[in-house]
Structure formats: structure tokens, C-alpha cells
Amino acid sequence: MGGAMLRGWLASGIDPARITVIRPSGTPIEGVTVLKAPPPDGEVPAVMLLAMKPQKLDEAVSALAPTTGEGTLIVSVLAGVELPSLAKRFPKHRAIVRVMPNTPSAIGKGVSLLHTDGDEAVRVEAETLVRPLGLAEWIDDEALFGRVSALSGCGPAFLFRFIDAMAKAGEAQGLAPDQAARLALATVGGAAELAAASEETPAQLADRVASPGGSTRAGLNVIDKGAALDRLMQNVLTASARRNEEMAAAAR
Ligand SMILES: NC(=O)C1=CN([C@@H]2O[C@H](COP(=O)(O)OP(=O)(O)OC[C@H]3O[C@@H](n4cnc5c(N)ncnc54)[C@H](O)[C@@H]3O)[C@@H](O)[C@H]2O)C=CC1
Ligand SMILES: O=C(O)[C@@H]1CCC=N1
């Protein structure tokens, strides 16, 4: 996820000289400084983005926490790890902002949910930081932030599965796999762009496709029976929210 955000920032024209990536592998990234660990005599960072797995946080804290200062804005994308859990581990900070980004950030089409207990200046700074990556939305209730992280944070994975499922269904009707994949992807991309550009709701747009008594209605009847897709998505987000809460509890 950190790599996706970095790609988005670099593509938006941010000065790479301002960025240092710390990754244990030390694998270089063109244009930016990459270190295996923070330099002992390094500058206090203005912004520190945490993007390791939540389970790796404690391993990373001993090297990272001493490098922060009273002026450091800590931005965490760690799913589940709440502000008090971060503040406890990084006592020196100006403010802490939680961000739940998603991978389309790499192409400036991401969604970033934001949460902080910082002041207006912190909110402006955080929003300015993530705006080049796509849509930015504040969620002021931290419990809700955890519960809804799955919609946009995990959402791309659910949609990628949906694209694959459409393609497989096309294959089952006789299409070659590569053609089915192309059709499914272009259909999902086009429909999403149309929905974004339209004044009508997705439900109204679905009705526009479904000619009365036609083939779309026959397909929609399967999706709509017993609110099958609605119930599936509710179960999906509930499962993700439950896992998020488990990670929050582990980090507390
Ligand atoms: N993958 C996604 O779409 C999203 C992920 N996130 C969050 O992003 C974080 C990373 O997730 P992924 O990118 O999926 O995992 P990943 O395993 O692909 O990336 C984790 C990165 O952390 C680095 N790392 C490990 N130990 C470190 C340390 N001690 N210091 C500095 N870096 C260290 C690794 O080198 C690796 O590049 C997680 O906290 C996750 O909750 C949030 C939103 C979306
Ligand atoms: O799977 C995860 O826990 C992270 C959070 C959102 C997307 N990936």
C-alpha cells in the first residue's frame, strides 16, 4: 500500500528529494532515498507515514519512535490500529492521522478515509497530503472508521473478484478466457465511469439497461432475489469489520 501511495505522489509531481523510504529489504526505488533503517543522526521528519502490517508495528517502533519529534505528523495506514495505540508507541508527535487508503491511489483514483483528533490545521495538512491520490473523506467517529474501512480500503479486492466472476461466467457461456476478461474489465470500467458522470443513481442506471421483459431483467431477477447481492456485500463488510476489530484489540 505504501508503494501505491508513493507511485500516486510521484505521478502527481511531488518532489522525490523530499521522500525517504525505510524498508527492511532496502530494495531501491528509482528517484527516492531508500534506507534499511532510519539513520541515527537523521533529521526529525515533518511527516512519517507508517505502512507496515499492523502485526509488524511493534517490531518497527523501536527503530522509528526515537526519530520522531514534537513537530512530526504521524500518518498511519495500519488497519485497525487506533489513535491511542499509536500515541502510546510514538509519544513524540505533533499530531496523528489515520488514513485508510486503497490501491487505486497509485493512479490518482484512490479513496482515502481520514480520522484524527488533531485541530483544523492538521486536518488541512492531512487532506492536502492525500488529495493527489484521489477522493478524501473524513470519518470523525473512530469506531465507525474501523467498521467502514472495508468498503473502500478492501473494496478494490472485492471488485477484482467481481470482475473475475463476470469473466468466468462469460467463459461458461463459451467465450475465450482472454476475451471474457477484456469484456468484463471494460464493462466494469465503463459502468463505473458512467455512474460517476451521471446525475442518476446506480439503481436508476440499472433500470435503464433493463428493457422491460428483456434479458437484463432476467439477470437482475437473479441478483435481486432475496436481495442476494445486498446480503452478500453485508456479510463481506461484516467479516472485514470483525477482523479489523480483532486487529484493533491486538494493538491495544
Ligand atoms: N493492501 C491494501 O490495499 C491496504 C493496506 N493497508 C494497510 O497497509 C499496511 C501494509 O499492507 P500491505 O501493503 O498490504 O502489506 P505488505 O506486506 O505488502 O507491505 C508491508 C511493507 O512493510 C514493510 N515493513 C515491514 N517491516 C517494516 C519495518 N520494521 N519498518 C518499515 N517497514 C517495514 C515491508 O518491507 C513491506 O514493504 C497494513 O497496515 C494495511 O493494514 C491499508 C489500506 C489498504
Ligand atoms: O487487508 C487488510 O487488512 C488491508 C486493510 C484494507 C486493505 N487491506
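Since the structure is predicted, the reported quantities are computational estimates derived from the model, not experimental observations.

Regarding the confidence of the model for the protein
A low pLDDT score tells you not to read the predicted coordinates there in detail. Considering every residue of the protein, the mean pLDDT works out to 96; 100% of them sit at 70 or more. Overall fold confidence for the complex sits at a pTM of 0.95, while the interface term, ipTM, reaches 0.97.

Comments concerning the environment of Arg 161
Tracing the chain through its elements places Arg 161 in helix 5 (residues 142–172). Residue classification places Arg 161 among the exposed residues on the basis of 11 C-beta atoms within 10 Å. Placed 96 residues apart in sequence, Arg 161 and Ala 65 show a C-alpha to C-alpha distance of 38 Å.

Side note on the UniProt feature "binding site: NADP(+)" (unreviewed entry) in the protein
Mapped onto the present numbering, the UniProt feature "binding site: NADP(+)" (unreviewed entry) falls on Ala 51, Met 52, Lys 53 and Pro 54. When the 20 C-beta atoms within 10 Å are taken as the criterion, Met 52 is described as buried. Not counting chain neighbours up to four residues away, the residues in contact with Met 52 comprise Leu 57 and Ala 60. The residue Pro 54 is located in the loop between strand 3 (47–50) and helix 2 (57–64) in this model. Among the residues examined, Pro 54 registers 19 C-beta atoms within 10 Å and is labelled partly exposed. With sequence-adjacent residues up to four places away left out, Pro 54 is seen in contact with Leu 78, Ala 79, Gly 80, Val 81, Met 247 and Ala 251.

Quick notes on the packing of helix 5 against helix 6 (residues 177–197)
At a minimum axis distance of 8 Å, the contact between helix 5 and helix 6 shows a crossing angle of 135°. Between helix 5 and helix 6, the crossing angle belongs to the class labelled oblique. The element helix 5 and its partner helix 6 pack so that their crossing is right-handed. Contacts between helix 5 and helix 6 involve Ile 163, Met 166, Ala 167, Gly 170 and Glu 171 on the former and, on the latter, Pro 177, Ala 180, Ala 181, Leu 183, Ala 184, Leu 185 and Val 188. In terms of residue class, the contact of helix 5 with helix 6 is made up of ten nonpolar, one polar and one charged.

Here's the deal with the UniProt feature "domain: Pyrroline-5-carboxylate reductase dimerisation" (unreviewed entry) in the protein
If you check UniProt for "domain: Pyrroline-5-carboxylate reductase dimerisation" (unreviewed entry), the listed places come out as residues 142–247 in our numbering. For residues 142–247, the end-to-end C-alpha separation is 14 Å, with 85% helix and 0% strand making up the annotated structure.

Calculation rules
- Residues numbered from 1 in each chain as written.
- Chains lettered and ligands numbered in written order.
- Predicted model: local features only at pLDDT ≥ 70, side-chain atom pairs only at ≥ 80, totals over all residues.
- pLDDT = per-residue confidence, 0-100.
- Helix = DSSP H or I, 4+ residues; strand = E, 2+ residues; numbered from the N terminus.
- Buried ≥ 20, exposed ≤ 12 C-beta atoms within 10 Å, placed from the backbone.
- UniProt positions renumbered as here; feature names shortened; annotations may be inferred.
- Contact = placed C-beta atoms within 7 Å.
- Axes fitted to C-alpha atoms, helices over the stretch in contact; angles between N-to-C directions.
- Parallel < 35°, antiparallel > 145°, perpendicular 65-115°, else oblique.
- Left-handed = near helix turned anticlockwise from the far one by under 90°.
- Nonpolar A, V, L, I, M, F, W, Y, C, P; charged D, E, K, R; others polar.

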